[in-house]
Structures are given as C-alpha cells and as structure tokens.
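Listed below are the residues making up each chain.
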Amino acid sequence: MHRGWKAAAMAVVLGVAGTASAHEFTCEKRIQVKGEGPTDEGPRVTKFPATLRFRYKVKNLHPQGESVANAVEDPLLEPHGFRFPFATPLAIGVGQERENTFEVTLPSAEACQAMAATDGRADGHFDSVLRVKWDLGETQCGARFSCCEPFVDCEMACPDYDPDCAEGRGNVAPAASRTAGFFKVHEQALGQCLALGAMDMGLAKVESLEQALGLLWASPGLDRDGGVRGEADARRFELAREALVTACNERLFGMDAKRGRALDEALRTLRTSGGGDSERLVTELRRHNDAGTRQPLPQGFDAGRATPAHAASLAADPTEPGRP
C-alpha cells in the first residue's frame, strides 16, 4: 500500500452468495493531488491547475476460490472520462487483488467547484463511489476531495513559460495594502495617490481629490438624487471603487504581481461597454486590498490623520455629469 493515500471509509457488501458460485470482494478508493504529500483527510485542492489521481484496489476475499465481478463502475466520474479501470468480467484468484488509477485535471478553482457540485450538493466537496458488482452481491467504496473557495484561499500555480511569476513559491508576505475604508477618511494619503496622475476608471476619469472621495463615499446603488442605479451600473460602480483602491495601493505601497494582474483585468472590464465579470473581480480586488492590511506602511510614508466628516463633505460622485 502506498503511503499518502487516504483510504475510503465506506465498504458495504450487499447480498449473500450461494455455495455453488460464491464470490466476495472488498474495494478501496483513494484520492491524492499529484505533487503533494499525504493528508490526514481527503485532499483539499488549493493550487491550480491541479491533477487529481483516483486510485482503486479490488481484492478477492473468498477464502477458497476465485471471485468474479461483472461490473466495476464509478458513475459520477464517467462524465470526466472514467470508463472501466478493470476489464470485466474481472476474475481474481484467492488472496489476490487488482489496482488501477484514473486522473482528472482541474484548470481552475471554478472548475473544481463545478465538479464538486455534480455529486448533487453544492458544498465544495466531491463525494463519489466505486461500485463492484457480482452475481449475488455488491461492494462500494467512496472517497472525497474538497475545493478551496475561489479568490479567497486558492492559488494559481506559475506556468512554466513565465520566469517572472512568483506565485506559489514559498511563503512570501503580501505587499502592504489598505482598504476603501482607509482611503475614504485619509485625505492626505488619497491626495498623495492622485498626485501621481489622473486615473481612468472606465465609468469616469478621476482627476481630483473630490472625485476620488466621491467614488469612495457614494452608494453604488443610488445616484446623488436618490435615484436607483441599474444592477449592472451598480456592479460596475463597485468595481471602479475597488480598482481605485487597488491602484492607490500599487502607487503608494509597492507592486504585487497578483494584485497588479487583477487590477489590469478590472480596468479592461471597466473600459469596455459590457459588465464582464464584475462581481468576480470585485471579490478578487477586495481580497487583494485586504491581504496586506497587517503589513506596516513604507517607512517615511505619512497617511495623515483620519477626517471622516470633512472627507464626506468634499465627496463628489465623478460619474454624474457636471460634478467636479
């Protein structure tokens, strides 16, 4: 038995074989993420792309004769290419066993979650069962893997063709960052960000402190006069807000490769007519803006004191025509 494989906890034998043609099997099903070490429980997939290796073992338990299986099935894996790991009828002699493997590659966290949902429960876990059937009985063995939550605790592995990529290599502390709540009350910090140049946020060009504060203080769902923004407009407004915060984090506190790529994608989305993947991008940018909040600000950087009332009084939504 190979170390590092998590054995299934389920083995159920159904039916009783007759004495003339007795058969009896047991099976094991285990899952491992290729390239990773052993786990005490079913593996949790956190880095992508990831290849899952399902390993199967079928053993004859009859003490006197060979056992013959008519079918070996794993129905939930069939849509992913699983067919028959063992040719059937499968005859196994006394005290003998057969092993085989099947692999599935998941390109992303979303693909992992989609596969997990195919077992009938959208809970981030994939539970599937191998079924070994013979004339008068059946045994089953199951195993589970779990998915990380997209854009919260997942990582994308570095592709071989990108020598500058540093994701997934060691425990590198995130660059310092601050959230929208910080910038909306620290006028001095926000002013230092804008001193480095105007920013085209797609919805509007942010050129002044008042416009930047407007993006941070305004309600995404309501305009200045209390009118309701459409759902798509509200999502784009939220994305523009988080993109502004991310851009200021980049300008003031240093570059971060993953954060920078997320910002580039967000700005491309904002500068096109369609909403694109706004909701996903808002979540991702918030995660990046949150990631370095425990890191100290660069030495010598003075954010100034928090002035929430004064900052709110200056705020002017830049998406509204005629506003400063």
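The preceding data block contains the structure.
Remember, it's a predicted structure, so these values are computed and weren't measured experimentally.

Parameters and conventions
- Residues numbered from 1 in each chain as written.
- Predicted model: local features only at pLDDT ≥ 70, side-chain atom pairs only at ≥ 80, totals over all residues.
- Heavy atoms only, no water.
- Disulfide = S-S within 2.5 Å.
- Helix = DSSP H or I, 4+ residues; strand = E, 2+ residues; numbered from the N terminus.
- Buried < 20%, exposed > 50% of the residue type's maximum accessible area, 1.4 Å probe, protein only.
- Pairing = 2+ DSSP bridges.
- Axes fitted to C-alpha atoms, helices over the stretch in contact; angles between N-to-C directions.
- Core = buried A, V, L, I, M, F, W, Y, C linked by side-chain atoms within 4.5 Å.
- Contact = heavy atoms within 4.5 Å.

Here we come to the state of the cysteines. Throughout this description, disulfide means a covalent bond between two cysteine sulfur atoms. The tally for this structure, following the rule as stated, stands at three disulfides. Across the disulfide, Cys-112 is cross-linked to Cys-147 (sulfur-sulfur distance 2.1 Å). On the S-S bond that ties Cys-112 to Cys-147, the torsion sits near -90°, and the link is left-handed. Taken together, the residues span a long stretch of sequence, with Cys-112 in helix α1 (residues 109–117) and Cys-147 in strand β11 (residues 137–147) at a distance of 35 residues. The partner cysteine of Cys-193 in its disulfide is Cys-248, sulfur to sulfur 2.1 Å. Because the sign of the S-S torsion sets the handedness, a value of about -85° for the bond joining Cys-193 and Cys-248 places this disulfide among the left-handed ones. Placement of the pair is Cys-193 in helix α3 (residues 187–194) and Cys-248 in helix α5 (residues 231–253), with a sequence separation of 55 residues. Of the two residues, Cys-193 and Cys-248, both sit in the buried class.

Right, let's get into the sheet that holds strand β9 (residues 97–106). Spatially, the three strands line up as an open sheet ordered β2-β5-β9, and their pairing is antiparallel. Edge positions in the open sheet fall to β2 (25–33) and β9, since each of these has one partner strand only. Along the sheet, successive strands turn relative to each other by an average axial angle of 15°, direction set aside. Here strand β5 (residues 50–60) runs beside β9; their pairing, made up of ten bridges, is antiparallel.

A few words on the nonpolar core. Counting 37 residues, the largest nonpolar core has Phe-183, Leu-190, Met-199, Met-201 and Leu-244 as the members making the most contacts within it. Elements with a minimum of two residues in this core: α2 (180–183), α3, α4 (209–217), α5, α6 (257–270) and α7 (278–291). Among the elements that make up this core, the one with the highest residue count is α5 (ten residues). Excluding its chain neighbours within four sequence positions, the residues that come into contact with Met-201 are Val-206, Leu-215, Ala-240, Ala-243, Leu-244, Leu-267 and Leu-270. In this structure, Ile-31, Met-115, Ala-143 and Cys-147 belong to the second largest nonpolar core, which totals 35 residues.

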